[in-house]
Amino acid sequence: MIPFNKPFLSGNEYENIQKALSSGKLSGNGHFTDCCHKFFENRYHIKKCLLTTSCTDALEMSAILSQVQPGDEVIVPSYTFVSTANAFVLRGANIVFADSMAENPNIDPKSIETLITSKTKAIVVVHYAGVACDMDPILKIAHQHGLFVIEDAAQGIDSYYKGKPLGSIGNFATFSFHETKNIHCGEGGLLAINDDEYIRRAEVIWEKGTNRAAFYRGEVDKYNWVDIGSSFLLSELNASFLYAQFEQIQFIQSKRKGIWDAYYEGLNVLVNQGDINLVPLPEYATNNYHMFYILCNDLNDQKGLINYLKSKNIMAVFHYLPLHISPFYANEHTGGELKNSIYFSERIVRLPFFNDIDSGQIEYICDQIITYYSK
Ligand SMILES: *Cc1c(COP(=O)(O)O)cnc(C)c1O
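Now for a quick tour of the structure. Treat the numbers as computed from the prediction; the structure is a model and nothing was measured. Starting from 1, residues in each chain are numbered consecutively following that chain's sequence as written. Per-residue local features are limited, in this predicted model, to residues with pLDDT of at least 70; the limit for side-chain atom pairs, both in listing and counting, is 80 or more; totals at the level of whole chains, interfaces and linings are taken over all residues. Each side-chain value is worked out from all heavy atoms of the structure, with water and hydrogens disregarded.

**Considerations on helix H9 (residues 236–247)**
For step 1, the next point in the chain: Between its first and last C-alpha atoms H9 spans 16 Å; for 12 residues at 1.5 Å apiece the expected length is 16 Å, and the two agree.
For step 2, the next point in the chain: Summary of the burial criterion: residues with accessible area below 20% of their type's maximum are buried, those above 50% are exposed, and those between are partly exposed, where the area comes from a 1.4 Å probe applied to protein chains only. Labels follow the DSSP assignment, with helices taken as runs of H or I lasting at least four residues and strands as runs of E lasting at least two, numbered in each case from the N terminus. Of all 12 residues that make up H9, nine are buried, and the element is covered over most of its length.
For step 3, the next point in the chain: Taken residue by residue, H9 has Glu236, Ala239, Ser240, Phe241, Leu242, Tyr243, Ala244, Gln245 and Phe246 as its buried positions.
For step 4, the next point in the chain: Where H9 is buried, its residues meet helix H1 (13–23), helix H2 (31–44), strand S1 (48–52) and helix H10 (249–273).
For step 5, the next point in the chain: Any pair of nitrogen or oxygen atoms within 3.5 Å is treated as a polar contact; in protein, a donor-acceptor pairing is required on top of that, and neighbouring residues in sequence qualify only through side-chain atoms on both sides. The backbone nitrogen of Leu237 lies 3.0 Å from a side-chain oxygen of the residue at the head of H9, namely Ser235. The span you would expect from a helix comes to 1.5 Å times its residue count less one. In this analysis, two residues are considered to be in contact whenever any of their non-hydrogen atoms come within 4.5 Å of each other.

Right, dumping it as structure tokens:
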């Protein structure tokens, strides 16, 4: 079976874990956490980074930092992972789902505008497949109405919007280092804070509601319970693994580009025949080669192709089921049909994508897809 994903080792993970073990500190906020923070802050022009145990946790921190209260409304795309919405539901927010654009699965700025009310507190955007949302019109709406903008950049590492790194644009941004992402440590995440005034509070929430970070810096002589918070820190074991991956990011990204380009060339013939479609990259965005997905012509084709590939030992997969019609939230959703969210849900097929996949395997996968469409 060619799996959909296989966690990649870049080479120095064992050595770094060894160093962490002999350092005598394995809990969070140690040497490797610091290395990861500095790396990310410098490379992506982010004011303050905090490693978390997942992107889900980073989203929960951003919901606390946005001071979302019960009854507040938060605008979230329907076409996303549950954590994007769940983090705000945990604070008592009502989720107002926005549709995707017609051109790609990202949130449609025009649909956001129609959803703003006096209760709106924040807009959450998701850079699907690491391709930037159209941030300028979204920031404009947010500024007009005094709203927070949170980037769910779980898939968005090393990608750019008009030259700006994803994750450096909103008030807060969240990244995932889950093993299915470009850079990983099994499970892990990061909160980016781009607004100076929230850095102190973020550190407190990160450290279970205490001012321990300030204590470690020698700024206070005792640490105390000062706010709400949780145990959001990543262990040094994971951080040491993660730092080994950070150091190899250029190599990892170039490998992924090779895979993406090979799929693109291999499947071009089907695009030309109209059997499948590919989503074009907007002129304002870059590709970070997070995933390779195709659009089938309809739901039947999506199911048929996935099943056919499974019979040929290839794990291709669909993606999100729209959250506005999910078992948990369908009854709460009062907005429209959100046709584009459903459209992408019924057409996207993601192909196996991991750094060690070889050109023979990619060729085999493309051949099988071509065979499926020749029948
Ligand atoms: C992967 C992903 C998440 C969740 O990341 P975890 O680190 O597993 O919590 C959230 N949002 C999006 C868009 C994702 O792709």
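Next, the rest of the story.
**A word on the state of the cysteines**
For step 1, the next point in the chain: Here, two cysteine sulfur atoms that lie within 2.5 Å of each other are counted as a disulfide. The tally for this structure, following the rule as stated, stands at zero disulfides.
For step 2, the next point in the chain: Here Cys36 stays unpaired: no disulfide links it, and the sulfur of Cys35, its closest cysteine neighbor, is 6.8 Å away.
For step 3, the next point in the chain: Cysteine Cys185 remains unbridged, with the sulfur of Cys36 as its closest cysteine sulfur at 8.0 Å.
For step 4, the next point in the chain: Overall, Cys185 belongs to the buried group, its relative accessible area being 7%.

**Things to note about the packing of helix H3 (residues 55–65) against helix H7 (residues 199–206)**
For step 1, the next point in the chain: Packing of H3 against H7 leaves a shortest axis separation of 10 Å and a crossing angle of 130 degrees. If you check the angle between H3 and H7, you find them oblique. When you trace H3 past H7, the crossing you get is right-handed. Contact residues: H3 offers Met61, Ile64 and Leu65, while H7 offers Arg201, Ala202, Ile205 and Trp206.
For step 2, the next point in the chain: Charged residues are taken to be Asp, Glu, Lys and Arg, nonpolar residues to be Ala, Val, Leu, Ile, Met, Phe, Trp, Tyr, Cys and Pro, and polar residues to be all remaining types, Gly included. Its residues placed into classes, the contact of H3 with H7 shows six nonpolar, no polar and one charged. Axes, fitted as lines to C-alpha atoms, cover a helix only where it is in contact. Angles between the N-to-C directions of the axes lie from 0 to 180 degrees. Angular relationships are summarised with four words: roughly parallel below 35 degrees, roughly antiparallel beyond 145, roughly perpendicular across 65 to 115, and oblique for the angles in between. Put simply, a crossing is left-handed when the front helix is turned counterclockwise from the back one by less than a right angle, and right-handed when it is turned clockwise.

**Here's the deal with the nonpolar core**
For step 1, the next point in the chain: In terms of nonpolar packing, the biggest core is built from 35 residues, with Val74, Phe88, Ile95, Phe97, Ile150, Phe172 and Ile193 touching the most fellow members.
For step 2, the next point in the chain: If you list the elements that add at least two residues to this core, you get H3, strand S2 (73–77), helix H4 (82–89), strand S3 (94–98), strand S4 (120–126), strand S5 (148–152), strand S9 (189–193) and H7. For our purposes a nonpolar core is just a set of buried Ala, Val, Leu, Ile, Met, Phe, Trp, Tyr and Cys residues, chained together by side-chain atoms within 4.5 Å.

**Considerations on the pattern of salt bridges**
For step 1, the next point in the chain: Any Lys or Arg side-chain nitrogen located within 4 Å of an Asp or Glu carboxyl oxygen qualifies as a salt bridge. According to the stated counting rule, one finds 14 salt bridges in the structure shown.
For step 2, the next point in the chain: In this structure, Asp34 engages Lys38 in a salt bridge whose closest nitrogen and oxygen atoms are separated by 2.8 Å. With Asp34 and Lys38 both in helix H2 and four residues apart, this pair spans about one turn of that helix.
For step 3, the next point in the chain: Since its relative accessible area comes to 36%, Asp34 is described here as partly exposed.
For step 4, the next point in the chain: Among the residues examined, Lys38 registers a relative accessible area of 46% and is labelled partly exposed.

**Regarding the site of the ligand**
For step 1, the next point in the chain: For this description, a residue counts as near a given molecule or strand if any of its non-hydrogen atoms is within 4 Å of it. In the neighbourhood of the ligand, 14 residues make up the surrounding shell, with Thr56, Asp152, Gln155, Ser176 and Lys181 lying closest.
For step 2, the next point in the chain: A distance of 2.9 Å is found between an oxygen atom of the ligand and a backbone nitrogen or oxygen belonging to Cys55.
For step 3, the next point in the chain: Computed on the free molecule, the ligand has an accessible area of 390 Å², of which 91% lies beneath the protein chains in the complex.
For step 4, the next point in the chain: Of the residues assigned to the shell around the ligand, the class counts are five nonpolar, seven polar and two charged. We get accessible surface area from the Shrake-Rupley algorithm with a probe of 1.4 Å; when it comes to residues, only the shown protein chains can shield them.

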